[in-house]
Amino acid sequence: MRKKIIAGNWKMNLSSEEATELISQYARIAQSSEVNLMVFPPMIYLKDCIKAVTNIGVGAQNGFPIDSGAFTGEVSMKQIKMAGANAVLIGHSERRSLFHESDAFLKQKIDAALESGLIPFFCCGESLEVRNSNEHIAFVQNQLHTVLGHLSDDQMSQIVIAYEPIWAIGTGLTASSAQAEEMHSSIRNWIKTQFNSSISDNCSILYGGSCNPSNAAELFACPNVDGGLIGGASLKSTDFEQLFSAEAWITLN
Ligand code: PGA
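Residues numbered from 1 in each chain as written. Predicted model: local features only at pLDDT ≥ 70, side-chain atom pairs only at ≥ 80, totals over all residues. Heavy atoms only, no water.

1. Considering the overall build of the protein
Then step 1. Helix and strand counts for the protein stand at 13 helices and eight strands.
Then step 2. Over its C-alpha atoms the protein spans a radius of gyration of 17 Å, differing by no more than 12% from the 18 Å that the globule rule assigns to 253 residues.
Then step 3. In terms of overall dimensions, the protein has C-alpha extents of about 45 × 45 × 35 Å along its principal axes.
Then step 4. The burial tally for the protein puts 52% of its 253 residues in the buried class. (Helix = DSSP H or I, 4+ residues; strand = E, 2+ residues; numbered from the N terminus. Rg over C-alpha atoms; globule rule 2.2 N^0.38 Å. Buried < 20%, exposed > 50% of the residue type's maximum accessible area, 1.4 Å probe, protein only.)

This is the structure we're talking about:
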């Protein structure tokens, strides 16, 4: 059975003291939940978070696909793994748009992450323009095909996917449960067609984009939504805790 995951993407937020306090709150929340909790802190807090908690997965928000060399400012997937992290975000829309990361580069990152033993959380999603022209399904399938299409069955079975419509990230706009379910089931179908039904049934597909305590229960109740990648609401432990205790979430199988 596929894992239910709630992951906090802290982005470039929090002081060192705030990060320490928040990670201890996460550890407390994780004790009372059967859902898998993940955190993606800023790189500078990665080791502190890893040291502070044992019941939460800790991942990096980014990683470079070459192991070592003259790449000033970068941290390799291999170094992230050696620091003790177990996952990495790849393809977040902020990295695609602000840092011009292409699908070809993301493909290299996926390969390097898998090679290093990190779980890639692959982010995909369309702009409002693409959605308004009703090409959102084809657009996301193309992202999946370009970045993940070459993987072996074994490699694909390690991937977590986060569907994050760009128009919903940090905007307060959220996909409706019908929009999320439509996309999540099409992603699952793509995996089934490209790989097989066992991999597709077991792949966790998370929703991200202004997910908060007031809309989480409805989104998490969708049969193909296996949790969330949470930005803004992951920075407040009270909001994050409420995401965990959403009635619909607890009753999910
Ligand atoms: P948001 O961010 O929840 O603040 O919209 C989600 C994300 O970017 O992962």
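2. Focus: the sheet that holds strand β4 (residues 87–90)
Then step 1. Strands sit in the order β1-β2-β3-β4-β5-β6-β7-β8 around a closed barrel of eight strands; the barrel is parallel. Strand-to-strand twist of the sheet, defined as the mean angle between neighbouring strand axes without regard to direction, takes the value 25 degrees.
Then step 2. Bridge count between strand β3 (residues 57–60) and β4: two bridges; the pairing is parallel. Its bridge partner lying in β4, A60 is registered against V88.
Then step 3. In the packing of helix α9 (residues 177–194) onto the sheet, the strands contacted are β5 (119–124), β6 (160–163) and β7 (205–208), and the crossing angle to β7 comes to about 150 degrees.
Then step 4. This element, helix α12 (residues 237–245), spans β1 (5–9), β2 (36–40) and β8 (227–230) of the sheet and lies at about 165 degrees to β1. (Pairing = 2+ DSSP bridges. Axes fitted to C-alpha atoms, helices over the stretch in contact; angles between N-to-C directions. Contact = heavy atoms within 4.5 Å.)

3. Quick notes on the nonpolar core
Then step 1. Counting 66 residues, the largest nonpolar core has F122, L148, I161, I187 and I191 as its most contacted members.
Then step 2. Element by element, the count of residues in this core is highest for helix α1 (residues 16–31), at seven residues.
Then step 3. With residues near it in sequence (within four places) discarded, I161 still touches F122, C124, L144, L148, M156, I187, I191, C203, S204, I205 and L206. (Core = buried A, V, L, I, M, F, W, Y, C linked by side-chain atoms within 4.5 Å.)

4. Details of the pattern of salt bridges
Then step 1. In this structure the tally under the stated criterion is ten salt bridges.
Then step 2. D226 serves as the salt-bridge partner of R2, at 2.7 Å between the closest nitrogen and oxygen. With R2 in the segment before β1 and D226 in the loop between α11 (216–220) and β8, this pair connects stretches of sequence that are 224 residues apart.
Then step 3. Using a relative accessible area of 0% as the deciding quantity, one classes D226 as buried.
Then step 4. Among the salt bridges present, the one from R96 reaches D103, with a minimum N-O distance of 2.8 Å.
Then step 5. By relative accessible area, which is 17% here, R96 ends up buried.
Then step 6. Among the ionic contacts, a cluster of salt bridges with common partners joins R2, K4, R188 and D226. (Salt bridge = Lys/Arg side-chain N within 4 Å of Asp/Glu carboxyl O.)

5. Regarding the pairing of β5
Then step 1. A large share of β5 lies buried, amounting to five of its six residues.
Then step 2. Where β4 lies against β5, four bridges are found, and the strand directions are parallel. By the bridge assignment, L89 is partnered in β5 with F121.

6. Details of the site of the ligand
Then step 1. In the vicinity of the ligand, 13 residues are found, and the nearest of them are K11, H92, E164, G170 and S210.
Then step 2. In this structure, an oxygen atom belonging to the ligand sits 2.7 Å away from a side-chain N or O atom of K11.
Then step 3. In the environment of the ligand, an oxygen atom lies 2.9 Å from a nitrogen or oxygen atom belonging to the backbone of G231.
Then step 4. A breakdown of the residues in the shell around the ligand according to their chemical character gives four nonpolar, seven polar and two charged. (Near = heavy atom within 4 Å. Polar contact = N/O pair within 3.5 Å; in protein donor to acceptor, adjacent residues only side chain to side chain. Nonpolar A, V, L, I, M, F, W, Y, C, P; charged D, E, K, R; others polar.)

7. Re the environment of V140
Then step 1. With respect to the secondary-structure elements, V140 resides in helix α7 (residues 136–148).
Then step 2. Linking V140 and C203, residues 63 residues apart in sequence, is a C-alpha distance of 16 Å.
Then step 3. Aside from chain neighbours lying at most four places away, what touches V140 is C124, G125, E126, Y163, M183 and I187.

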